[in-house]
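# Observations on chain architecture
Each chain, letter by letter, is given below.
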Amino acid sequence: MSTLREYLAHKRAALLARREAPAPGPVPLHAHVTAEGRSGVRRIRIRDFQVISDSGPDFAGYDLGPGSPELQAGVLGSCVTHIFLIKAAELEVPIDALEVDVRAEYDPRAQQPGTADVPVHPYGFRYEVLLDSPASDEELARLHAEVERVCPILNLLRDPQEVSGTIVRAGAGREASGVSARAAAPVS
């Protein structure tokens, strides 16, 4: 039976090998999302993987998958978990079990008139790490500090990036308007 400590040894070997290889530079990230007709279900495609996102029945959905705010909490939890594994392997901190529980709030009233004080985004993100480890409190504090320092999604939420968007007409709408597929209108 394989244990998390055995995986951390494997992870450490991969980290050391990766450091010896020349860095490729920025890695492009790509997700493609389509809205399904009749249901509004969002199919998120990333590489060869697919995730379904949906709304609850109270918002004309079928509850076939988590909503976007829930996915954001899951993405944060996944990233924090992965960085804990990376840093534990790097720092040789033994871990027997690891779980991360993420919580936040999202208030749909933000989209209603007269609620300008309600954020339109999920807020109050917090996470709890459940660790089974023989490491000392000092080693775990160092591990946690390293995770907080380098976790990409945690730091993205703390220091948001500028996001730009465009609209490109597709299908019949493009032909009717005379706008080419490459003539994009900026979205503010």
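Residues numbered from 1 in each chain as written. Predicted model: local features only at pLDDT ≥ 70, side-chain atom pairs only at ≥ 80, totals over all residues. Heavy atoms only, no water.

## Description of helix H3 (residues 137-150)
With 14 residues, H3 should reach 20 Å at 1.5 Å per residue; the first-to-last C-alpha distance of 20 Å fits that figure. Those residues of H3 not exposed but buried are Leu143, Glu146 and Val147. Here the buried residues of H3 occupy an arc of 100° about the axis, which is enough to place them on one side. For H3, exposure combined with an orientation more than 90 degrees from the buried face picks out Asp137, Glu138, Arg142 and Arg149. Check the buried side of H3 and you find it contacts helix H2 (68-91). (Helix = DSSP H or I, 4+ residues; strand = E, 2+ residues; numbered from the N terminus. Expected span 1.5 Å × (residues − 1). Buried < 20%, exposed > 50% of the residue type's maximum accessible area, 1.4 Å probe, protein only. Arc of directions from axis to C-beta. Contact = heavy atoms within 4.5 Å.)

## Digging into the nonpolar core
Val80, Leu143, Val147 and Cys151 are the most contacted members of the largest nonpolar core, which has 22 residues in total. Mapped by element, the contributors of at least two residues to this core are helix H1 (4-20), H2, strand E4 (97-105) and H3. No other element matches the ten residues that H2 contributes to this core. With residues up to four places along the chain from it excluded, the contact list for Val80 reads Val100, Tyr127, Val147 and Cys151. (Core = buried A, V, L, I, M, F, W, Y, C linked by side-chain atoms within 4.5 Å.)

## Looking at the confidence of the model for the protein
Averaged over every residue, the pLDDT of the protein is 89; residues scoring 70 or more account for 90%. For the protein, strand E7 (residues 185-187) is the element with the lowest average pLDDT, namely 46, and H3 is the one with the highest, namely 98. (pLDDT = per-residue confidence, 0-100.)

## A closer look at the packing of H1 against H2
Contact geometry for H1 and H2: axes closest at 8 Å, N-to-C directions at 80°. Looking at the two axes, H1 sits roughly perpendicular to H2. In this structure, H1 contributes Leu4, Tyr7, Leu8, Lys11, Arg12, Leu15 and Arg19 to the contact, and H2 contributes His82, Leu85, Ile86, Ala88, Ala89 and Glu90. Across the contact of H1 with H2, the residue classes break down as eight nonpolar, one polar and four charged. (Axes fitted to C-alpha atoms, helices over the stretch in contact; angles between N-to-C directions. Parallel < 35°, antiparallel > 145°, perpendicular 65-115°, else oblique. Nonpolar A, V, L, I, M, F, W, Y, C, P; charged D, E, K, R; others polar.)

## Overview of the pattern of salt bridges
Scanning all chains against the criterion turns up eleven salt bridges. Here Glu90 makes a salt bridge to Lys87, at a shortest N to O gap of 2.9 Å. In this pair, Glu90 and Lys87 both sit in helix H2, three residues apart, roughly one turn of the helix. Residue classification places Lys87 among the buried residues on the basis of a relative accessible area of 7%. A salt bridge links Glu146 to Lys87; the nearest nitrogen and oxygen atoms lie 3.3 Å apart. One end of the pair, Glu146, is in helix H3; the other, Lys87, is in helix H2, and 59 residues separate them in sequence. (Salt bridge = Lys/Arg side-chain N within 4 Å of Asp/Glu carboxyl O.)

## What about the packing of H2 against H3?
Where H2 contacts H3, the axes come no closer than 9 Å and their chain directions differ by 125°. By the angle class used here, H2 and H3 are oblique. The element H2 and its partner H3 pack so that their crossing is right-handed. Facing H2, whose interface residues are Val80, Ile83, Phe84, Lys87, Ala88 and Leu91, H3 presents Arg142, Leu143, His144, Glu146, Val147, Arg149 and Val150. Across the contact of H2 with H3, the residue classes break down as eight nonpolar, one polar and four charged. (Left-handed = near helix turned anticlockwise from the far one by under 90°.)

## Digging into the sheet that holds strand E1 (residues 32-35)
Pairing within the open sheet is antiparallel, and its three strands lie in the order E1-E2-E3. In the strand order of this sheet, the two ends are held by E1 and strand E3 (49-53), each with one partner. On average, each strand axis in the sheet is inclined to that of its neighbour by 20°, with strand direction left out of account. Note: E1 against strand E2 (residues 42-46), four bridges, orientation antiparallel. If you follow His32 over to E2, its bridge partner there is Arg45. (Pairing = 2+ DSSP bridges.)

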